[in-house]
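Results of the structural survey
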Amino acid sequence: MSWPDTTETDRHAGARLAETIERIRSRLWHGQVKCALDLVAETVVAAVATADQTEPMTAAGCNVARFLGDLETYVSGQSDIIIEYATARHRDEPISMAVTESTVQWLLRRRMNAQQQMRWSPRGTHLTLMVRTATANGTLERDHVVAERWARRPFRRAA
């Protein structure tokens, strides 16, 4: 469903929404997660208010509120790993994970679908991917030292 543009007011509201979404994208691009989440929350409130005002806007406002709510949930869950893409680009750091994701998908399909003689458990797959990721990131030695410290501690079950 698209934003209604039957009246001048609807067109202005649609343009303001497009500008706000661009600001959210820009804030995420620059690693300003808290500011982006605040703007998403404000926009959800405005979209719900718009949905309550006029009939043609009801469905569009509800859809925008739902999509932005999903975005807010996703960004909140990933906030610790969201990087400043603009800074990474300026430093010529790679920001695409396409090659890594492709390799992981190939490995998972091959092992989990038993296309190979030995089938992996989900836990074994996760641990192997953690090692491969640490190797690719160059953090394997540091991660190993941290893991060794934890391995020497006595195991205690969570209450």
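Definitions and limits used
Residues numbered from 1 in each chain as written. Predicted model: local features only at pLDDT ≥ 70, side-chain atom pairs only at ≥ 80, totals over all residues. Heavy atoms only, no water. Helix = DSSP H or I, 4+ residues; strand = E, 2+ residues; numbered from the N terminus. Areas by Shrake-Rupley, 256 points an atom, 1.4 Å probe, with all protein chains shown as cover. pLDDT = per-residue confidence, 0-100. Core = buried A, V, L, I, M, F, W, Y, C linked by side-chain atoms within 4.5 Å. Buried < 20%, exposed > 50% of the residue type's maximum accessible area, 1.4 Å probe, protein only. Contact = heavy atoms within 4.5 Å. Phe/Tyr/Trp six-rings, centres within 6.5 Å; stacked < 30°, edge-to-face > 60°. Lys NZ or Arg CZ within 6 Å of the ring centre and 35° of its normal. Salt bridge = Lys/Arg side-chain N within 4 Å of Asp/Glu carboxyl O.

Description of the overall build of the protein
Across its full length, the protein holds seven helices and zero strands. Ordering the α and β elements of the protein from the N terminus gives α-α-α-α-α-α-α. Carbon together with sulfur atoms contributes 55% to the accessible area of the protein, which is approximately 12,300 Å² in total.

So, the confidence of the model for the protein
Averaged over the protein, the pLDDT score is 77; the fraction of residues at 70 or greater is 72%. The element-level mean pLDDT for the protein is lowest in helix H5 (residues 98-112), coming to 69, with helix H1 (residues 8-29) highest at 84.

Observations concerning the nonpolar core
Ranked by size, the top nonpolar core spans 14 residues in total, and within it Ile24, Leu28, Val40, Val44, Val64, Leu68 and Val75 carry the most contacts. Elements represented by at least two residues in this core include exactly H1, helix H2 (33-53) and helix H3 (55-78). At seven residues, H2 tops the list of elements feeding residues into this core. For Val44, the contacting residues outside a window of four places in its chain are Ala65, Leu68 and Gly69.

A few points about the packing of aromatic side chains
Under the criterion given, the structure shown has zero aromatic pairs. One residue, Arg66, lies across the ring of Phe67, its end atom 4.6 Å from the ring centre.

Observations concerning the pattern of salt bridges
Inspection of every chain in the model, using the stated rule, returns three salt bridges. Between Arg25 and Glu22 there is a salt bridge, with the nearest N and O atoms lying 2.7 Å from each other. Linking Arg25 with Glu22, this pair stays in helix H1, spanning three residues, or about one helical turn. In this structure, Arg142 and Asp143 form a salt bridge, with 4.0 Å as the shortest nitrogen-oxygen distance. Using a relative accessible area of 55% as the deciding quantity, one classes Arg142 as exposed.

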